Amino acid sequence: MKLPNGYSLIEYISIDSTNLEARRLIQGGKVKNNPLVISAKSQISGKGRLGRNWVSLEGNLFVSVVVGPENRISNKLRTTNHDPQPSLIPFLTATAIGETLSNFTTTKPLYKWPNDVLVSGKKISGVLIEVIDGYVIVGIGINIANHPIEGTKLPATCLNNQAGRQVQVEEVLELLLYNLDKRISNDTNDIISEWTDFAYGIGKKVRVEQGEKEIIGIFQGIDENGWLILETETGRREVVLFGDVSWI
Ligand code: BT5
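What you see is a predicted model; the values in this text were computed from it and never measured.

Conventions adopted
Residues numbered from 1 in each chain as written. Predicted model: local features only at pLDDT ≥ 70, side-chain atom pairs only at ≥ 80, totals over all residues. Heavy atoms only, no water. Near = heavy atom within 4 Å. Polar contact = N/O pair within 3.5 Å; in protein donor to acceptor, adjacent residues only side chain to side chain. Areas by Shrake-Rupley, 256 points an atom, 1.4 Å probe, with all protein chains shown as cover. Helix = DSSP H or I, 4+ residues; strand = E, 2+ residues; numbered from the N terminus. Salt bridge = Lys/Arg side-chain N within 4 Å of Asp/Glu carboxyl O. Buried < 20%, exposed > 50% of the residue type's maximum accessible area, 1.4 Å probe, protein only. Pairing = 2+ DSSP bridges. Axes fitted to C-alpha atoms, helices over the stretch in contact; angles between N-to-C directions. Contact = heavy atoms within 4.5 Å.

Trainee: Would you mind showing me how to read the site of the ligand here?
Mentor: Around the ligand, the structure places 28 residues, and the nearest of them are S17, K47, R52, V55 and N143. Here an oxygen atom of the ligand and a side-chain polar atom of S17 are 2.7 Å apart. The separation between a nitrogen atom of the ligand and a polar side-chain atom of T18 is 3.0 Å. For the ligand, the protein covers 94% of the area, taking 800 Å² as the surface of the free molecule. For the shell around the ligand, the secondary structure elements donating two or more residues are α1 (18-27), β3 (61-67), β6 (122-132) and β7 (135-142). The element that contributes the greatest number of residues to the shell around the ligand is β6, accounting for four residues.

Shown next, in the form of structure tokens:
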């Protein structure tokens, strides 16, 4: 497989979670060169956000890209507190996934705040970003050959169904890394506008669930942190940092 310049790759047949492996390598001081790509053919306990699971079925893509603190991805998104600002990375990653999947599907992938990629209204991919010791871990799962049939909040789909043919995981991974790498030095405005162009539900009424709490309003877009901007019924502007969005 062809990697972008300067990247290295570790491939596993089977692993608990590529994000967990990335964390172990960082904490063990074993990331000598980065970006480092960690991919696995099968994943036993895939992780979603907020302690949720990522159903990791055979024939799908599981990858984590580790980017060091000295790298452009961190520098470009750095805030005044000197920590890498990873809050826009899910959006940059989603658009890289979107462009990759567009090569195989006729239906344009759309983005659902904060980190989902949907095709035909169904979730095909998820992104889990973690920051460990200044390293950013970009975890990406894409359903290629299989998808969960039930038990997910949104209906799920996989690339083979959308493409109408058997797509090779390596083919998708190679393109994905290329599309991710070419966006790494994008600035805030590029990231936001590319995501917003194909975001689900801008201008529509949405419900954001935050545990017990819910906020309802018109989805206006995202701000420079990737936070969701809502206009509530009273005309007030609310900025939402986290939550699950649904359209009403
Ligand atoms: C995500 O979380 O969507 C992030 C998923 C990231 C997975 C990758 S795989 C490589 C790397 N290593 C890891 O261990 N993780 C990353 P979240 O937004 O919390 O969505 C999780 C929710 O999506 C679940 O609660 C289900 O409702 C649904 N879901 C789980 N597995 C799915 C699948 N395969 N396809 C579609 N939906 C799924």
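Continuing now.
Trainee: Sorry if this is basic, but what is going on with the pattern of salt bridges here?
Mentor: Pairing between side chains of opposite charge can happen when their charged atoms approach one another. Within this structure, the stated rule accounts for 16 salt bridges. Among the ionic pairs, R23 bridges to E130, the shortest N-O distance being 3.3 Å. Remark: E130 occurs in strand β6 and R23 occurs in helix α1; sequence separation between them is 107 residues. R23 gets classed as partly exposed once you look at its relative accessible area, which sits at 27%. Across the pair R49 and D244 runs a salt bridge, and its minimum N-O distance is 3.9 Å. With R49 in the loop between β2 (36-43) and β3 and D244 in strand β12 (residues 244-247), this pair connects stretches of sequence that are 195 residues apart. According to the relative accessible area criterion, D244 is partly exposed, its value standing at 21%. When salt bridges with common partners are traced through the structure, they connect R49, R52, K153 and D244 into a single cluster.

Trainee: Got a minute to help me understand the pairing of β3 in this structure?
Mentor: Along any regular strand, the residues point their side chains to alternate faces of the sheet. For β3, the buried fraction is high: seven of the seven residues fall into the buried class. Along β3, one buried face is formed by L61, V63, V65 and V67 and the opposite face, lined by F62, S64 and V66, is buried too. The sheet contact formed by β2 and β3 spans five bridges and is antiparallel. Considered in β3, the bridge of I38 is made with S64. Relative to β7, β3 runs antiparallel, the two being bridged by seven bridges. From the neighbouring strand, S64 faces β7, where its bridge partner is G139.

Trainee: Sorry, what's going on with the sheet that holds β6 here?
Mentor: Each strand in a sheet pairs with another by means of backbone hydrogen bonds, the pair being arranged parallel or else antiparallel. Pairing is mixed across the open sheet formed by seven strands, whose spatial order is β1-β2-β3-β7-β6-β5-β4. Only two strands of the sheet have a single neighbouring strand rather than two, namely β1 (8-15) and β4 (110-112). Neighbour-to-neighbour, the strand axes of the sheet open up by a mean angle of 20°, direction not taken into account. Contacts from α1 reach β1, β2, β3, β6 and β7 within the one sheet, and its direction differs from that of β2 by about 140°.

Everything listed here is a matter of coordinates, which is why it stays silent on function.
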